[in-house]
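Structural features, examined
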Number of protein chains: 2
Amino acid sequence: MINKVLLLVCDGLGDRPIPQLGNRTPLEAAATPNLDALATQAQCGMMCALGRGVRPGSDVSHLAIMGYDPAKEYPGRGPIEVAGLGIALEEGDIALRGNFGNVDEAGICRDRHCRHISDFRAYAAAVDGLEIDGVKFIVKPGTAHRAGVVLRGPGLSDAITDADPHKENEHLHEVRPTDNSPEARRTADVLRKFFVKAAEILRNHPQNIELQKAGKTPANFVLVRGAGRYRRLQPFQQRWGLSAACVAGGGLYKGIGALLGMKVIDVPGATGKLDTDLDAKVRAALDALASHDFVFLHFKAADTQGEDGKWAEKKAFIERIDRALAPILSLPASTLFIATADHSTPCILKAHSADPVPIIFRGESVRVDGVKSYGERACASGDLGLMTGLDVMAHVMNLMGRSPLVGA
Amino acid sequence: MINKVLLLVCDGLGDRPIPQLGNRTPLEAAATPNLDALATQAQCGMMCALGRGVRPGSDVSHLAIMGYDPAKEYPGRGPIEVAGLGIALEEGDIALRGNFGNVDEAGICRDRHCRHISDFRAYAAAVDGLEIDGVKFIVKPGTAHRAGVVLRGPGLSDAITDADPHKENEHLHEVRPTDNSPEARRTADVLRKFFVKAAEILRNHPQNIELQKAGKTPANFVLVRGAGRYRRLQPFQQRWGLSAACVAGGGLYKGIGALLGMKVIDVPGATGKLDTDLDAKVRAALDALASHDFVFLHFKAADTQGEDGKWAEKKAFIERIDRALAPILSLPASTLFIATADHSTPCILKAHSADPVPIIFRGESVRVDGVKSYGERACASGDLGLMTGLDVMAHVMNLMGRSPLVGA
């Protein structure tokens, strides 16, 4: 009987046929002997995390795959990213993600990433803990230029717009309430006051003074976006009866793990980027299986390559994933291995799409079908047909013999 | 990237195996080299417009395929047919479709079509514009014996039964309210008064006096059915961001186009019947693609042959469709071509059924599958599986890279 689960999510893995690849997708064109062997031993199908025709963000897609209905339980992107930075959120906190960037005296955003700066920790520390009108601001650095900002205090709302203009050389957006509640007005107001105060602190920050002396752009602004009100989600272990661990490089995915109460395992070399150490992540995931019932393993960079339209690089990264998965073939049958993606990121679109992604279930007593290859069109002929994200944990519970009985 | 869409709907195309065709359906038995070539280049599947097991009318099926949920947006058959006659409907109008027929002095319907009469325009003009109890009656002729009747005025309802007995040699049905509202009672009442007045006018109409002299049955009654209360639907262009045109012969299908704000193109020779000029319609559709983003092309007669149980004629008409589609093979990849049906009309039933119909999507970057033939059972093994009507425009938006993102 299956008693452990390893869920691999390859972000943005699905794609569309690419003429230069002989009208194959990057996944179909990639040499993936290990994934093909796993598919051959598996029950296969396709998945649209939020249902057919719906184009999902990574956050809602992962929630659905973990068995949390985004229509009812989505807390917004901010709280998920911020949870991934290790900030312990409290009920009612308003969380935003953001970048350290540069805004000039006219209010124009000149640099959204300040890539010439390698360490933003001192900036975060300089503005962390500010209190304005009874609201405490918690600011923590993320990977590279990223940061999480939390507003903690009474009478706050997430019904506010982004400050981040999402483009360079555009005017900073004014944070406005999106409804007529006094809470939204207060939140927008206190956030504007925070910007003034934080800008003043950052303007005079020694690290920025050094940069300016060197003729470089200082990081003087926290460009926030994606406000969400934190609400506690039922922990994964409570919902599914499985102790769980998360092995991921990207902040969002660590945040999903943290939000669901999984043990988030920091793996040296796991960057969530092309330079990530896939072997180390697979090792960490296999190690985590020794002490946890369920391990969520996330690989990011296929999505990033899709977003950049780099089909050759996407294919090459998929081949690296495949090589890293060699140890999976030695997993005992009592460990259910699932390989899927959160959504497609077709190179032709350079964006997420609603195209379904392959999903395979390999483990003891699954109804292995005739699919011999891990690819979009190979798995489309698998026995599972088209699943939704919420179907995944239902299928896992069923395979584990843990589904509740309906009726008698 | 796909930037144009041609949607072909072959009414009632689907069928069931017919022993005389070697247990093939008319579509499977027909020689369709062009549709087969298109299917070979396409992503294929099956569709039940309203979902599995639901037997749809043509009106609701088309609405679903266009992305309008019939459960929420169906205005009734009357308003759709009437819109197809070119009557500009106003919010709150009660619209009915009807036939000019004959009812004898005992109230028995003796002729539902008066096929011996070739022109009903004078009859319509004679009763058009009548006013009864503050309700204006608008009567316009349709194709052959058909007519549209609109009641315009305050306090009306579509909660009324049909006058048309739907069979000859049966008593005319009394129009009754189907709920207890004063509006429904008033509408039934005013419609009965209209019948008396219209019958009096038609009895004395010179064209009828001529017919009676010649020993022929006069057309003395408007047999109405399908009352619906008009409500404005969101225009197709507003909903999907695509300028749209409609090429159809049948009134209902022109009505769908008109109701959704499409440019309804009148094609000489497009009759909606067996004698229709399919080549002219295909030419008109291809011409319309030059100036519109989306073209809806409708062929009717396969449905009519199914309703009559004429499997050989249905097969022959499908072969005519296939020949007319030869120019489609030259469409650029940037034009998405979709070929489907609104429902099946199995010859054995002589009626609509819930059996799914084939659907194919051919255009740039679709995930072409292994289906090599356009038929019910060939497309059932396609990668799309079983779609609903509402899935169609969602899939179109996805392929065009225009789907809204859910989550972040």
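For every chain, the first residue of the written sequence is number 1, and numbering continues from 1 onward in sequence order. Ligands are numbered from 1 and chains lettered from A, in the order in which they are written. Owing to the predicted nature of the model, reporting of local features is limited to residues with pLDDT of at least 70; listing and counting of side-chain atom pairs is limited to 80 or more, with chain, interface and lining totals taken over all residues. Side-chain descriptors were evaluated using all non-hydrogen atoms of the structure, hydrogens and water having been removed beforehand.

What about the overall build of chain A?
- Segments assigned H or I by DSSP are reported as helices when at least four residues long, segments assigned E as strands when at least two residues long, and all are numbered from the N terminus. Counting its regular elements, chain A contains 15 helices and 16 strands.
- Values of the radius of gyration come from C-alpha atoms, whereas the globule rule sets the reference at 2.2 Å times the count of residues to the power 0.38. Taking 408 residues into account, the globule formula puts the C-alpha radius of gyration at 22 Å, and chain A, at 22 Å, falls close to it.
- Seen along its three principal axes, the alpha-carbon backbone of chain A occupies a region of about 65 × 55 × 35 Å.
- Categorising residues by exposure relies on relative accessible area from a 1.4 Å probe, with only protein chains included: less than 20% of the type maximum marks a residue as buried, more than 50% marks it as exposed, and the intermediate range marks it as partly exposed. Burial analysis of chain A (408 residues in total) assigns 58% to the buried set.

Brief notes about the interface of chain B and chain A
- Should any heavy atoms of two residues lie within 4.5 Å, those residues are considered in contact. Of the residues lining the interface, 22 residues belong to chain B; the matching set on chain A comes to 28 residues.
- A per-residue breakdown of the area chain B buries against chain A is headed by B:Arg367, B:Asn398 and B:Ala408, which together make up 36% of the total.
- One speaks of a salt bridge when a side-chain nitrogen belonging to Lys or Arg is within 4 Å of a carboxyl oxygen belonging to Asp or Glu. Taken together, the connections running from chain B to chain A amount to 1 salt bridge.
- In this structure, the salt-bridge partner of A:Arg52 is B:Asp391, at a minimum N-O distance of 3.4 Å. Simply put, the buried area is the total loss of 1.4 Å probe accessible area from both parts when two parts are fitted together.

Brief notes about the pattern of salt bridges
- Per the stated rule, a full pass over the model turns up 49 salt bridges over all chains.
- Taking the shortest distance from any N to any O, the salt bridge between B:Asp69 and B:Lys72 comes out at 3.9 Å.
- Its salt-bridge partner being B:Glu81, residue B:Arg97 comes within 3.5 Å of it at the nearest N-O pair. Taken together, the residues B:Arg97 in strand S3 (residues 94-103) and B:Glu81 in helix H5 (residues 77-84) connect sequence positions 16 residues apart.
- By sharing partners, the salt bridges in this structure join A:Asp133, A:Glu174, A:Arg176, A:Asp189, A:Arg192 and A:Lys193 into a single network.

Let's talk about the sheet that holds strand S2 (residues 43-48) of chain B
Residues and elements named next belong to chain B.
- Pairing between two strands requires that DSSP report at least two bridges joining them. Strand order in the open sheet formed by 8 strands is S11-S10-S12-S1-S13-S14-S2-S15, with mixed pairing between adjacent strands. Across the chains shown, the open sheet's two edge strands, defined by having one partner strand only, are strand S11 (263-265) and strand S15 (386-388). Ignoring which end each strand starts from, the neighbouring axes of this sheet average 25° apart.
- Axis definition: a line fitted to C-alpha atoms, over the contacting stretch in the case of helices. Angles run 0 to 180 degrees between N-to-C directions. Relative to the sheet, helix H2 (residues 33-40) contacts S2, strand S13 (335-340) and strand S14 (357-362), its axis offset from that of S14 by approximately 60°.

Quick word on unusual backbone geometry
- Unlike most non-glycine residues, A:Lys350 shows phi in positive territory, near 55°.
- Here A:Lys350 is to be found in the loop between strand S14 (335-340) and strand S15 (357-362).

Comments concerning the side chain of A:Lys314
All names here are of chain A.
- As for its placement among the helices and strands, Lys314 is situated in helix H13 (residues 311-324).
- Judged by its relative accessible area of 0%, Lys314 falls in the buried class.
- In this structure Lys314 touches Gly12, Leu13, Gly14, Asp15, Pro26, Ala302, Gln305, Gly306, Thr345 and Cys347, once residues within four positions along its chain are discounted.

Observations regarding the nonpolar core
Residue and element names in this part refer to chain A.
- Counting 92 residues, the largest nonpolar core has Phe236, Phe294, Phe361 and Val396 as the members making the most contacts within it.
- Domain delimitation in this document rests on an assignment produced automatically or drawn from a domain database. Both domain 1 (4-73 + 234-399) and domain 2 (82-229) contribute no fewer than three residues apiece to this core.
- With residues near it in sequence (within four places) discarded, Val396 still touches Val5, Leu336, Ile338 and Phe361. Joining through side-chain atoms within 4.5 Å is the link that ties buried Ala, Val, Leu, Ile, Met, Phe, Trp, Tyr and Cys residues into a set, and such a set is a nonpolar core.

Observations concerning the domain arrangement of chain A
- Entries for chain A in the domain assignment read domain 1 (4-73 + 234-399) and domain 2 (82-229).
- If you average the C-alpha positions of domain 1 of chain A and of domain 2 of chain A, the two centres end up 33 Å apart.

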